[in-house]
Amino acid sequence: MARRNKIYEGKAKILYEGPEPGTIVQYFKDDATAFNAEKKDVIDGKGVLNNMLSEYFMKGLTQIGVPNHFIKRLNMREQLCKSCEIVPLEIIVRNYAAGTMSTRLGIDEGTQLPRPIVEYCYKDDSLGDPLVSEEHIAAFGWASQQDMEDILSLALRVNDFMSGVMFAVGIKLVDFKIEVGRVYDGDFQRLIVADEISPDSCRLWDMETGRKLDKDVFRRDLGSLSDAYTEVANRLGVMPKTSTTPTKPTLVN
Ligand code: 5GP
């Protein structure tokens with residue numbers, strides 16, 4: 001197979017030029033980072049799980065008419081996606097207080113919010129992705145007023161979809177982050193959900209026990225990250241055909 005041309009390497013993924021114009025290949029790495037890459041590790045099988053889970057969520061979004069970049073999964077670690085121009089924002093939707101919202105506003109983690117709250121962060125690792133207001137976004141031209149209306153609508157639709165999918169398997173969707181990108185059809189531009197949706201970018205808590213099934217397991221040293229992600233994949237029926245972890249020998253009488 002021809003060697004792929006690398007476009008960009010991020011903390012958890014590598015993007016390559018796709019086989020057709022307007023496509024990219026997204027490769028999911030096993031690298032885990034937190035606190036702006038101050039904490040790092042390699043978690044065996046994480047890339048495979050996130051590839052499968054992001055495929056599952058993006059396909060579901062397509063089914064309900066939420067436009068996104070996913071075209072098809074190529075193999076255990078790669079997916080073919082539409083290329084798009086990423087809007088330099090991280091769009092966060094919160095249903096329960098946790099993480100930086102709890103720290104910033106002094107609200108206990110797990111407190112249900114009166115309604116979903118959408119926040120925007122400017123995507124810049126060197127600044128630590130700071131929280132910004134719609135005033136900043138408009139003034140600095142990161143997105144237009146129309147874009148912001150479309151982004152809000154996409155974010156809330158993703159929230160309803162993801163909350164429902166997770167509720168059905170006994171998991172609470174506490175919050176999540178998405179990214180959106182622009183695709184052009186001649187003079188016409190539209191926004192689509194891009195990047196990934198996976199336990200790396202969501203907070204997922206077991207409804208009965210409160211057990212964390214997301215990247216906080218790594219951020220806060222709460223146990224095995226791959227066990228947590230495998231639990232999410234198992235509940236959703238999204239398991240890689242070949243195991244991502246070595247199988248333990250079974251004792252036979
Ligand atoms: P917080 O602002 O509380 O750190 O994060 C809110 C939500 O957005 C969490 O689900 C978190 O995983 C996600 N999130 C925020 N920033 C990033 C980021 O830079 N990368 C990823 N993968 N997720 C993020």
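A quick note: this is a predicted structure, and the numbers were derived from the prediction, not measured. (Residues numbered from 1 in each chain as written. Predicted model: local features only at pLDDT ≥ 70, side-chain atom pairs only at ≥ 80, totals over all residues. Heavy atoms only, no water.)

Caption draft 1: Structural detail: the domain arrangement of the protein chain. Here the domain parsing of the protein chain yields domain 1 (6–84 + 226–236) and domain 2 (85–206). Its C-alpha centre places domain 1 at a distance of 17 Å from the equivalent point of domain 2. Listed as interface residues are 28 residues of domain 1 and, on the opposing side, 30 residues of domain 2. When the two sides are added together, the surface that domain 1 and domain 2 hide from each other amounts to roughly 2,400 Å², 62% of it contributed by carbon and sulfur. For domain 1, the biggest contributors to the area lost against domain 2 are Phe 57, Cys 84 and Arg 235; these three give 27% of the whole. (Domains from an automatic or database assignment. Contact = heavy atoms within 4.5 Å. Buried area = accessible area lost by both parts, 1.4 Å probe.)

Caption draft 2: Quick peek at the pairing of strand 13 (residues 188–194). Of the pairings in the sheet, the one linking strand 12 (residues 171–185) to strand 13 comprises seven bridges and is antiparallel in character. Among the inter-strand pairings, Val 183 is bridged to a residue of strand 13, identified as Arg 190. (Pairing = 2+ DSSP bridges. Helix = DSSP H or I, 4+ residues; strand = E, 2+ residues; numbered from the N terminus.)

Caption draft 3: Highlighting the environment of Arg 104. Within the element layout of this structure, Arg 104 appears in helix 2 (residues 99–105). Judged by its relative accessible area of 40%, Arg 104 is partly exposed. Engagement of the side chain of Arg 104 in a polar contact is seen with the side chain of Glu 119, the distance being 3.3 Å. (Buried < 20%, exposed > 50% of the residue type's maximum accessible area, 1.4 Å probe, protein only. Polar contact = N/O pair within 3.5 Å; in protein donor to acceptor, adjacent residues only side chain to side chain.)

Caption draft 4: Structural detail: the site of the ligand. Every one of the 15 residues lining the ligand counts as a neighbour, but Arg 94, Thr 100, Asp 175, Arg 203 and Arg 219 are closest to it. Within the side chain of Arg 94, a nitrogen or oxygen atom sits 2.8 Å from an oxygen atom of the ligand. With respect to the ligand, the side chain of Thr 100 contributes an N or O atom lying 2.5 Å from an oxygen atom. Considering the ligand on its own, with 500 Å² of exposed area, one finds that the protein chains cover 82% of that surface. Going through the elements one at a time, strand 9 (89–96), helix 2, strand 12 and strand 14 (202–206) are the ones with two or more residues in the shell around the ligand. Across the shell around the ligand, the residue classes tally to four nonpolar, three polar and eight charged. (Near = heavy atom within 4 Å. Areas by Shrake-Rupley, 256 points an atom, 1.4 Å probe, with all protein chains shown as cover. Nonpolar A, V, L, I, M, F, W, Y, C, P; charged D, E, K, R; others polar.)

Caption draft 5: Inspection of the packing of aromatic side chains at higher detail. Inspection of every chain in the model, using the stated rule, returns three aromatic pairs. With centroids separated by 5.7 Å and ring planes inclined at 75°, the aromatic side chains of Tyr 56 and Phe 57 adopt a geometry described as edge-to-face. On the basis of relative accessible area, Tyr 56 is assigned to the partly exposed category, the value being 35%. For Phe 57, a relative accessible area of 1% puts it in the buried group. A centroid spacing of 4.0 Å and a plane angle of 15° characterise the contact between Tyr 122 and Trp 142, whose relative ring orientation is stacked. With Tyr 122 in strand 10 (residues 112–122) and Trp 142 in the loop between helix 3 (134–139) and helix 4 (145–168), the pair connects residues that are 20 residues apart, well separated along the chain. With a relative accessible area of 16%, Trp 142 lands in the buried category. What links up through ring pairs into an aromatic cluster is the set Tyr 122, Phe 140 and Trp 142. (Phe/Tyr/Trp six-rings, centres within 6.5 Å; stacked < 30°, edge-to-face > 60°.)

Caption draft 6: Quick look at helix 1 (residues 46–63). In this model, helix 1 (18 residues) spans 26 Å end to end at C-alpha, consistent with the 26 Å of a helix rising 1.5 Å per residue. The buried fraction of helix 1 amounts to 14 of the 18 residues, a majority that puts the element mostly inside the structure. Following helix 1 by one or two positions, Gly 65 has its phi on the positive side, about 80°. (Expected span 1.5 Å × (residues − 1).)

Caption draft 7: Molecular detail of the side chain of Ser 198. Secondary-structure assignment places Ser 198 in the loop between strand 13 and strand 14. Setting aside its immediate chain neighbours within four residues, Ser 198 contacts Asn 50 and Phe 57.

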